[in-house]
Amino acid sequence: MKVSSHFGADYFADLVRIYSADPNPVGAGIDMRPVAAHFQGRYRSVAKPSSPGSYAVIPLGGLQRSDDLTFAIRFQPRFVRDEPQTLFSLISAGGSTLSADIDAAGFSVIVDATWERLSVVPQTGCWYELRLHWLAGRIRASCYDVSAGTRISDLDRHLPWPAGGLSRIILAAGRAPADCSDMTSFFNGRLENPAFFVGMEVPEHLDRGRSEQQKIAALWDFGQGIDTDKIIDIGPNGLEGRTHNLPARGVRGSRWTGREMSWQHAPDDYAAIHFHEGDLHDCGWETDFTFDVPRDLPSGVYGIRLRCEDAEDIIPFFVRPNSDGHKARVAVLFSTLTYQAYCNYPRTNYGAAYESRRDAWGSNPHHPALYPEFGRSLYDVHADGSGVMFSSLLRPQLLMRPGLFAYLDEKGSGLRHFAADMHLIAWLDAKGIEIDVVTDHDLDAEGLFALEGYALLLTVTHPEYHTLRSLDALQQFVDAGGNLAYLGGNGFYWRVATSDIFPAAIEIRRGESGVRMWETETGECFHAFDGQYGGLWLKNGRPPQKLVGIGMSAHGPFTSSYYRRTQISREPEFAWLFDGIDDEIIGNFGLSGGGAAGFELDVVDPSLGTPASAIVLASSEHHPVDYACVPEKIWNPDLHSAEWQRNQVRADLCLVTLPKGNCVFSTGSIMFCGSLPVNGFNNNISRLLENFVAGCLTKGEAI
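Residues numbered from 1 in each chain as written. Predicted model: local features only at pLDDT ≥ 70, side-chain atom pairs only at ≥ 80, totals over all residues. Heavy atoms only, no water.

Visitor: Lay out helix α10 (residues 684-699) with the relevant residues and their values.
Guide: The end-to-end C-alpha separation of α10 is 23 Å, in line with the 22 Å expected for 16 residues at 1.5 Å each. Among all positions of α10, only Asn-684, Ile-685, Ser-686, Leu-688, Leu-689, Asn-691, Phe-692, Val-693, Gly-695 and Cys-696 are buried. If you check the start of α10, you find a side-chain oxygen 3.1 Å away from the backbone N of Ile-685, and it comes from Asn-683. (Helix = DSSP H or I, 4+ residues; strand = E, 2+ residues; numbered from the N terminus. Expected span 1.5 Å × (residues − 1). Buried < 20%, exposed > 50% of the residue type's maximum accessible area, 1.4 Å probe, protein only. Polar contact = N/O pair within 3.5 Å; in protein donor to acceptor, adjacent residues only side chain to side chain.)

This is the structure:
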């Protein structure tokens, strides 16, 4: 546990098991039960800063600054403003700094406190090359327009740069004056192939003759090691460096031609790194205490509770069953990849009305809008407008908190993600159904092994993001005879990548359509982490209809409707599912938007792989007019009329029977689980799910 506390007093830590996370006074409530733990006690409050901003550091190993040395670097500004941004900082063995800054007025070359400006105004999106040459105590700086291959500015001045070796170079940042270990003035843009050459000038044609006409002292090829944090020197000295805070790699450089769309096929075309002032991989906090999970601690959802004065915070985590102990027959799959994708998403609804409800309910006060220093989600954009491609667990996950509501829901609690998913845990506890918990990260790490021993797997409300390994594990579980209940909507939608080198991070490339807040740039749809094509699983040949019978079809505001049963649901073969349910309308109530069907909706679609054995048992209706069909389904307005699109605005509750006697039950709505707690867990949605679970456990065998 890594805790930052700004209080003067010590804080108290203990362990709780979490069963419900709804702060709504008329909702399911907050249910947390203390559990004895060895770490329980008081700890010293220490305020720990967070330092976003990506950069690279390359030790130069005493590289000598001769009187005929040229440093060259290419750069593409993406966001220019009045405040300076540092392209690079060269640090001498004696501690002096030579840096190059960019601002709205132009470029500056700075040696310690002495600076000179180049007379060129940078344009965002344009590639430039800057060269510095030392000669007889003078520094000559030249700036080139890469696309034209011409020199556009010169500077020839006497600047006091001391003799001796070079200690290191910092790329995309400068050193903070107060602490030389801290970075400041982060560059928002792309850098490419910095190099030291012995010789006055590179030929005017910028892409010819470097290695032939000059002696290379160091040349860092960003097209190598794209899946790592390494900065690889292909020069004679092997001066390797490291990136920090996960800048984007596998992105187009100045030499990109468009002939190849994968960085693996043309690494020279992708020999650039995109740095951002908001990148954050690791807060770097010191550990306050550790918790060794006892082998006899039951599987479930737990939390480290932190309390100081009148403040409280709870950090949830998941405990798997003992590998050689008892296992339940039912497991709940928590969508930890989706939690990570949304981590610290500030939304746009924070304001006076939100604060008023927060205070009235006494809900979790830590809205992400208040803490930009903890980094943003995969739904946000950087200061330069480019999308956030990486999300890391090595920082507070403010959305993954009990008692945090997302929307001002006039008919319910307005919960999303973890807090909404706990409605299912509250229901399982109320019904006395024994469960284990497993997470997306477990499936990614262990594959099918993580699901062995279970007859039934229940998803939570929004299993949107998956890796190839986690999706394969689910398909293998079903193929092996396991029963699956998909209790949400917009599931199995986006592909993300993980990395053994950055095990706490995930990566996304949002290409080729889909509901998204930003779009991957042309030619950058392949992940840096694994080199695989990103985007929608639909566009990767794995539409969710193949796995669960339904897939994303429509989305709208945080409001809900209900399901109407189909005629076929009255057939005798489905009597076990609807035992005790005579209603035509089901789910016209709920703590999420007032109903069981809403927000993001899935439908059957045989053209995308819905099995022939899929039966639609109920469909939702009467959604508001501001619901819309997803863009990936609309490619020609002449083919997809307004009437056709309106028909896509529904949730199909379906059952898919499979050859081994198992089945998949899918609800097609993110809001489904929000109806479970209504009327003390005694309602037709609750009964429907209870019938399904009982039926699976009666006939199902653990795989």
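Don't stop here, the text continues.
Visitor: Before we move on, could you go through the sheet that holds strand β25 (residues 390-392) and cite the residues and values that matter?
Guide: Taken in spatial order, the three strands of this open sheet run β25-β32-β31, and their pairing is antiparallel. Of all the strands in the sheet, the pair left with one neighbour each is β25 and β31 (497-498). Of the strand pairs in this sheet, β25 and strand β32 (residues 505-507) are connected by three bridges, and their pairing is antiparallel. When the bridges of β32 are listed, Ser-391 appears paired with Ile-506. (Pairing = 2+ DSSP bridges.)

Visitor: Talk me through the sheet that holds strand β28 (residues 465-466); I want residue IDs and the actual numbers.
Guide: Strand order in this open sheet of three strands is β28-β30-β33, and the pairing throughout is mixed. Bordering the open sheet on either side are β28 and β33 (535-536), each of which pairs with just one other strand. Pairing between strand β30 (residues 494-495) and β33: two bridges, direction antiparallel. Bridge pairing links Trp-494 to Leu-536 in β33.

Visitor: Run through the packing of aromatic side chains, naming residues and quoting values.
Guide: What the rule picks out here adds up to 36 aromatic pairs. Consider the rings of Phe-39 and Phe-291, whose centres lie 5.1 Å apart with planes at 70°: the pair is edge-to-face. Linking Phe-39 in the loop between β2 (30-35) and β3 (41-43) with Phe-291 in the loop between β21 (272-275) and β22 (300-308), this pair joins segments that are 252 residues apart in sequence. Across the pair, Phe-291 and Phe-39 agree in class, each one buried. Aromatic rings pair up to connect Tyr-11, Phe-39, Tyr-43, Phe-289, Phe-291, Tyr-302 and Phe-317 into one cluster. The ring centre of Trp-256 lies 5.2 Å from the NZ or CZ of Arg-252, which sits over that ring. Positioned above the aromatic ring of Phe-578 is the side chain of Arg-565, whose terminal nitrogen or guanidinium carbon lies 3.8 Å from the ring centre. (Phe/Tyr/Trp six-rings, centres within 6.5 Å; stacked < 30°, edge-to-face > 60°. Lys NZ or Arg CZ within 6 Å of the ring centre and 35° of its normal.)

Visitor: How would you explain the nonpolar core if you had to name every residue and give the values?
Guide: Within the largest apolar cluster, 94 residues are counted, with the highest numbers of intra-cluster contacts made by Phe-334, Leu-424, Leu-458 and Tyr-563. Counting residues per element, this core draws most heavily on helix α4 (residues 417-431), which supplies nine residues. Judged by nonpolar contacts, the second largest core, of 42 residues, contains Ile-73, Trp-134, Phe-222 and Phe-275. (Core = buried A, V, L, I, M, F, W, Y, C linked by side-chain atoms within 4.5 Å.)

Visitor: Could you give an account of the environment of Arg-542, naming the residues involved and the relevant values?
Guide: Mapped onto the elements of the fold, Arg-542 is located in the loop between β33 and α7 (544-548). Under the relative-accessibility criterion, Arg-542 is labelled partly exposed at 22%. Considered as a pair, Arg-542 and Gly-609 are 67 residues apart in the sequence and their alpha carbons are 8.9 Å apart. Here the side chain of Arg-542 touches Asp-472 through a polar contact of 2.9 Å, side chain to side chain.

Visitor: How would you explain the packing of α4 against α10 if you had to name every residue and give the values?
Guide: Where α4 contacts α10, the two axes come as close as 12 Å, and the packing angle between them is 70°. Classed by the angle they form, the pair α4 and α10 counts as roughly perpendicular. In this structure, α4 crosses over α10, and the sense of that crossing is right-handed. Taking contact as the criterion, the partners of Leu-424, Trp-427 and Lys-431 in α4 are, on α10, Ser-686, Leu-689, Glu-690 and Val-693. Each residue belonging to the contact of α4 with α10 can be placed in one class, and the counts come to four nonpolar, one polar and two charged. (Axes fitted to C-alpha atoms, helices over the stretch in contact; angles between N-to-C directions. Parallel < 35°, antiparallel > 145°, perpendicular 65-115°, else oblique. Left-handed = near helix turned anticlockwise from the far one by under 90°. Contact = heavy atoms within 4.5 Å. Nonpolar A, V, L, I, M, F, W, Y, C, P; charged D, E, K, R; others polar.)

Visitor: Before we move on, could you go through the pairing of strand β1 (residues 11-21) and cite the residues and values that matter?
Guide: With 10 of 11 residues buried, β1 is to be regarded as a mostly interior element. Taken together, the three bridges between β1 and β3 define a ladder with antiparallel strand orientation. For Phe-12, the partnering residue across the bridge sits in β3 and is Arg-42. Of the strand pairs in this sheet, β1 and β22 are connected by six bridges, and their pairing is antiparallel. Within β22, the position partnered with Phe-12 by the bridge is Arg-307. With six bridges connecting them, β1 and β2 associate as antiparallel partners.

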